[in-house]
Amino acid sequence: MATKSEGIQRLLQAEQRANVKVAEAKKKKQKRLKEAKDEAKKEILMFKNNQEAAFQEKMAKSAGFGDDYTAQINKQAEVDAQNLDSCLEKNREEVVNWLVGIVADIKPEVHRNYATCGFAA
């Protein structure tokens, strides 16, 4: 009987040692996971900072481009407006005479619908 109780004691001690080893392994695993998370956060932060710096650099380069383009468009619009004004001044009298001629030259005639219905004399 003593050997059975000694065997049981050995098994209990082995189980306790195994439980201790499993607990240690769990702690090590948790520690590695935490370190991996911290490292991943650092890498994400570095990547984010690099991307932000690249974005700011591109924005700084393109900031002047928009102003130049806007000034170019405004200059072209001004040139077009001046061309239209000069064309207007050049053709003003001709257009006014043409409009007055159309308005003043009235030729009375029977409307075609009135004429086709047999009401015309």
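Predicted, not measured: the structure shown is a model, and the values here were computed from it.

Draft legend 1. A look at the overall build of the protein. When its secondary structure is counted, the protein shows two helices and zero strands. Relative to the 2.2 N^0.38 estimate, which gives 14 Å for 121 residues, the radius of gyration of the protein is 48 Å and therefore markedly larger than a compact globule would have. Counting only residues that meet the buried cut, the protein has 0% of its 121 residues in that class. About 12100 Å² of surface is accessible on the protein, with carbon and sulfur atoms providing 59% of the total. Taken as two groups, the 22 positive and 19 negative side-chain charges of the protein have centres that lie 25 Å from each other.

Draft legend 2. Here's a closer look at a negative patch on the surface. On the surface, Glu35, Asp38, Glu39 and Glu43 cluster together into a patch of negative charge. As for its position among the elements, Glu35 is in helix α1 (residues 2-104).

Draft legend 3. Main features of a positive patch on the surface. A surface patch of like charges, here positive, comprises Lys26, Lys28, Lys29 and Arg32. By secondary structure assignment, the location of Arg32 is in helix α1. You can call Arg32 exposed: its relative accessible area is 55%.

Draft legend 4. Structural context of a nonpolar patch on the surface. Taken together, the side chains of Val95, Trp98, Leu99, Ile102 and Val103 make up a nonpolar region of the molecular surface, amounting to roughly 520 Å² of accessible area. Relative to the assigned elements, Ile102 resides in helix α1.

Draft legend 5. Spotlight on the pattern of salt bridges. Under the criterion given, the structure shown has two salt bridges. Between Glu89 and Arg92 there is a salt bridge; the shortest N-O distance is 3.0 Å. Residue Glu89 and its partner Arg92 are both found in helix α1; the two are separated by three residues, about one turn of the helix.

Reading the values: the criteria
- Residues numbered from 1 in each chain as written.
- Predicted model: local features only at pLDDT ≥ 70, side-chain atom pairs only at ≥ 80, totals over all residues.
- Heavy atoms only, no water.
- Helix = DSSP H or I, 4+ residues; strand = E, 2+ residues; numbered from the N terminus.
- Rg over C-alpha atoms; globule rule 2.2 N^0.38 Å.
- Buried < 20%, exposed > 50% of the residue type's maximum accessible area, 1.4 Å probe, protein only.
- Areas by Shrake-Rupley, 256 points an atom, 1.4 Å probe, with all protein chains shown as cover.
- Lys, Arg positive; Asp, Glu negative; His and termini not counted.
- Charge placed at Lys NZ, Arg CZ, Asp CG, Glu CD.
- Patch = residues over 30% accessible without salt bridge, like charges linked within 9 Å, V, L, I, M, F, W, Y side chains within 5 Å.
- Salt bridge = Lys/Arg side-chain N within 4 Å of Asp/Glu carboxyl O.

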